[in-house]
Structure formats: structure tokens, C-alpha cells
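Next come the chains, spelled out residue by residue.
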Amino acid sequence: MMGRLIAVVGPSGVGKDTLIRALSDARPDLYEVRRVITRPTDETEACLSVTSGEFRRLQEAGAFALSWGAHGLSYGVPIEAVERVRAGQDVIANLSRALLPVAIGVFPRVLILSLSAAPEVLAERLGARGREEGAEITRRLARAVPPMPDEAEVVHIDNGGPLEVSLTAALSALSQNDTA
Ligand SMILES: Nc1ncnc2c1ncn2[C@@H]1O[C@H](COP(=O)(O)OP(=O)(O)OP(=O)(O)O)[C@@H](O)[C@H]1O
Ligand SMILES: O=P(O)(O)OC[C@H]1O[C@H](OP(=O)(O)O)[C@H](O)[C@@H]1O
């Protein structure tokens, strides 16, 4: 059977990377996508950091299943992710909400985990994380939210509380949708 793209989406600071890490620990069978990003490496995400020129060359060479721009950065999901899904593996990735309609066209099966938390919780988490400064945090919080596409299964998870609660909800969503 086909695997699935588990697309983890939601506003900046909601905890997408944190939940992905917890899910990967709980489900070692999941393949965690290593995104290619034009941002210097930092400890918040195990991405592959590249220059804008390198990103363009990879894109032109067809290295990405998905690529998009946000927050002045370029992001790519390596083509390997589609190959794994076709081979039957579930792969999990942090995606832009704006990209979901494209992702549904590229991947044969998509399950969306849509995370939310109150604006003041997001602001506090982004401040505490310390990766961006104040003006960039304000820009991230003001980002417009496109509606969820109708064509894929969407599971809403409130990550405003303890991570363990969200992890339990996400694990349950993953196993419930497994045979859909
Ligand atoms: N349930 C939670 N409770 C408390 N803190 C959390 C929770 N989930 C995530 N955090 C913290 O919030 C901060 C933001 O989390 P994370 O980097 O995973 O968010 P993100 O959605 O991937 O953000 P971005 O889109 O900006 O990359 C981190 O410092 C993380 O430790
Ligand atoms: O607001 P939307 O379009 O949903 O998300 C845009 C981008 O924001 C986050 O970027 P980062 O991980 O903070 O660099 C997401 O990973 C996504 O790539």
C-alpha cells in the first residue's frame, strides 16, 4: 500500500518541529523529511542549509518534490520523500499552509496535522526560542492564513497545552488514518 505524506502545518511558533521530533521518537518507522532551507543551520531543525545559488541549482536540477518561499527564505522538500511514499512509507514534514494544494497534487496520499495555539502563546514561544528578533516575530505572527484545502484529511490539534497531549492526539490520528 501507498505511504502518506504527514503534513504538519500551523503558524510560526506553534510547535511543528517540536511535535515532528516527538512523533519521530515515538514512531521510528516514520521518515522525517530533512528540508533544504536558505537559512544558516541552527539547533531548532535538522535541515540542510544552502545558499540561494545552491537552492536555485537544486531546484533547476529537479531535486525538490515541493519548494516554496516564506519569511524571506526558500524551502525545499527533497524528491526522495515522494519515492518513499510510493514505496509504502509514511513521511512527515513541516510545510507551509499555502503549499497544501500543491502537496496534494504531488503526493498520492496526504494527511494534514493542523496545529493551533492562542496568539499570545505563539508570541511567547517565538520570543523564548530566540531564533528571530522582535520585528521578524511580529511579521511572522501577522502572516495571513489561507483556508485548509477540502481534498485531504485534516486533523486539528490544539498545541496550546502540554506537548504530551498533542503527541497523543497526533499518534491517534496517524493510526486511525492508516488504512483509510
Ligand atoms: N506544547 C508545547 N508547550 C510548550 N512549549 C512548546 C510546545 N510546543 C513547542 N514549544 C516550544 O515553542 C517553540 C516553537 O516551537 P517550534 O520551533 O517547534 O515551532 P514551529 O511551529 O516549528 O515554528 P516555525 O514555523 O517558526 O519553525 C520552541 O521553543 C518549542 O520548544
Ligand atoms: O505561514 P505558512 O505559510 O503556513 O508557513 C510558512 C513557513 O513557516 C514556517 O517556516 P520556518 O520553519 O519558521 O522557517 C513553516 O515551516 C513554513 O515553511
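These notes cover the structure that comes with them. It should be emphasised that the depicted structure is a prediction, and the values quoted were computed from it without experimental measurement.

Our focus in this paragraph is the packing of helix H1 (residues 16-26) against helix H7 (residues 163-176). Two numbers describe how H1 lies on H7: the axes approach to 10 Å, and their chain directions differ by 60°. The angle between the axes of H1 and H7 places the two elements in the oblique class. In the crossing of H1 with H7, the sense of the turn from one axis to the other is right-handed. Between H1 and H7, the residues in contact are Thr18, Leu19, Ala22, Leu23 and Ala26 and Leu163, Ser166, Leu167, Ala170, Leu171 and Leu174, respectively. Across the contact of H1 with H7, the residue classes break down as nine nonpolar, two polar and no charged.

A word on the sheet that holds strand E4 (residues 48-49). The mixed open sheet is built from four strands, whose spatial order is E4-E3-E6-E5. Two strands lie at the open edges of the sheet, namely E4 and strand E5 (64-70), each paired on one side alone. Inspection of the sheet shows strand E3 (residues 36-37) paired to E4 by two bridges, in the parallel sense. Residue pairing in the sheet places Val36 in a bridge with Leu48 of E4. Across the face of the sheet, helix H2 (residues 52-60) comes into contact with E3, E5 and strand E6 (73-78) while running at roughly 145° to E5.

Let us look at the site of ligand 1. Neighbouring ligand 1 are 17 residues, the closest being Ser12, Lys16, Thr18, Arg129 and Gly161. Contact distances for ligand 1 include 3.0 Å between an oxygen atom and a backbone N or O atom of Gly13. For ligand 1, an oxygen atom lies 3.0 Å from a polar atom in the backbone of Asp17. Considered on its own, ligand 1 offers 640 Å² of accessible surface; in the complex 78% of this is hidden by protein. With three residues, the single largest contributor to the shell around ligand 1 is H1.

Criteria and thresholds
Numbering of residues starts from 1 in every chain and runs along the sequence as written. Whichever chain is written first is A, and whichever ligand is written first is 1; the rest continue in order. In keeping with the model being predicted, local features are shown solely for residues with a pLDDT of at least 70 and side-chain atom pairs are shown and tallied solely at 80 or more, while totals for entire chains, interfaces and linings include all residues. For the side-chain quantities, the full set of heavy atoms in the structure was used; hydrogens and water were omitted. The convention used is that axes are lines fitted to C-alpha atoms, helices contributing only their stretch in contact, and that angles between N-to-C directions extend from 0 to 180 degrees. Each helix corresponds to a stretch of at least 4 residues labelled H or I by DSSP, and each strand to a stretch of at least 2 residues labelled E; elements are numbered beginning at the N terminus. Should an angle lie under 35 degrees it is considered roughly parallel, over 145 roughly antiparallel, and from 65 to 115 roughly perpendicular; all remaining angles are considered oblique. Helix crossings get a hand from a simple test, with the near helix turned counterclockwise from the far one by less than a right angle marking a left-handed crossing and a clockwise turn marking a right-handed one. Two residues form a contact once any of their heavy atoms are found within 4.5 Å. Residues were grouped as follows: Ala, Val, Leu, Ile, Met, Phe, Trp, Tyr, Cys and Pro as nonpolar; Asp, Glu, Lys and Arg as charged; and all remaining residues, including Gly, as polar. When DSSP locates at least two bridges between a pair of strands, those strands are taken to pair. Any residue with a heavy atom positioned within 4 Å of a molecule or strand is treated as near that molecule or strand. For this analysis, a polar contact is any N or O atom pair within 3.5 Å, provided that within protein one partner can donate a hydrogen and the other can accept it, and provided that sequence-adjacent residues contribute only side-chain to side-chain pairs. All accessibility values rest on the Shrake-Rupley procedure with a 1.4 Å probe; residue burial counts only the protein chains present in the view.

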